[in-house]
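# Fold and geometry: a report
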Amino acid sequence: MTLAAHAAGDPKRGAQVFRQCMACHSVAAGEQMTGPSLAHIWNRKAGSVEGFLRYSDPMKRADVVWNEATLDQWLSNPAAFLPGTSMTFPGLKQSQARQDLIAYLKAVAGGKAPPAQRGGKLDLRKAPPEGQVTSIKHCGDTYTVDTADGRSQKVWEFNLRFKTDTSKLGPAPGKPVVVGAGMQGDRASIVFATPKEISESIKHACP
Ligand code: HEC
């Protein structure tokens, strides 16, 4: 490989590569998902993003600072670089893709990132009427879920999931939201502002 070909990664291309990370990571500061926010990862000690509560013990103990060299090794094979990590990602085998991605993460930290497609989480406070849950009733093995668009749907209890999102993108207190395929199809998730709201919101009521 020539020196030129080996040289700088391209942050624009890196933004495309980052799509492979977006299911688990956001580059918005403070937005924690399955993995920590990568907004300020550059030159930071591994396992030290504030507000991320799910680091594995090996990551917390790792004596690593994120830079070109360490990120290159990590991203080529996370499990080999840090045995026991909870990042279930097989690694990027292409050196150029890693270089581009690293250039992108560096640009992100410097506030100069080319816009990536906005992935990650939706702002649940802006849910459309068909997502806004107005009542949840339980009878026998069935939930009846009413939404602000005036619809009322019956769902088998085994197919309804209850989740919480306490982040700033989560629903407003007392305003649970249906996500995913919504109430269409045979299964759905309802997201609440806090765990306490879940049982408080579900009324036992038989027609
Ligand atoms: C399936 C989910 C998932 C995917 C996909 C994923 N990650 Fe992660 N990532 C995690 C988790 C979980 C952690 C925390 C690992 C631990 O604590 O062991 C993490 C940790 C990291 C860290 C260390 C953060 C810190 O605070 O020290 C970096 C850097 C990172 N990921 C980058 C990436 C990049 C870049 C990609 C895309 C190529 C990616 N990850 C893909 C889940 C994921």
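Refer to the structure presented above.
Residues numbered from 1 in each chain as written. Predicted model: local features only at pLDDT ≥ 70, side-chain atom pairs only at ≥ 80, totals over all residues. Heavy atoms only, no water.

## Some details on the state of the cysteines
For the structure shown, the criterion picks out 1 disulfide. Here Cys139 is linked by a disulfide to Cys206, with a sulfur-sulfur distance of 2.0 Å. With the S-S bond torsion at 100 degrees, the cross-link from Cys139 to Cys206 turns out right-handed. Residue Cys139 is located in strand S1 (residues 133-139), and its partner Cys206 is located in the segment after strand S7 (202-204); the two are separated by 67 residues in the primary sequence. Residue class for Cys206 comes out partly exposed when judged on its relative accessible area of 45%. (Disulfide = S-S within 2.5 Å. Helix = DSSP H or I, 4+ residues; strand = E, 2+ residues; numbered from the N terminus. Buried < 20%, exposed > 50% of the residue type's maximum accessible area, 1.4 Å probe, protein only.)

## Considerations on the environment of Gln96
With respect to the helices and strands, Gln96 occurs in helix H6 (residues 95-109). Separated by 82 residues in sequence, Gln96 and Gly14 place their C-alpha atoms 9.4 Å apart.

## As for the coordination of the iron atom of the ligand
The protein atoms that coordinate the iron atom of the ligand are His25 (NE2) and Met87 (SD), at distances spanning 2.0 to 2.1 Å. Around the iron atom of the ligand, the 6 donor atoms are arranged such that angles at the metal cover 84 to 180 degrees; this shape is classified as octahedral. With a gap of 62 residues between them, His25 in the loop between helix H2 (11-17) and helix H3 (57-61) and Met87 in the loop between helix H5 (78-81) and H6 connect regions that are remote in the sequence. Among the residues examined, His25 registers a relative accessible area of 11% and is labelled buried. (Donors = N, O, S within 2.8 Å, 3.2 Å for Na, K, Ca; no water. Tetrahedral: all angles 85-135°; square planar, octahedral: opposite > 155°, others 65-115°.)

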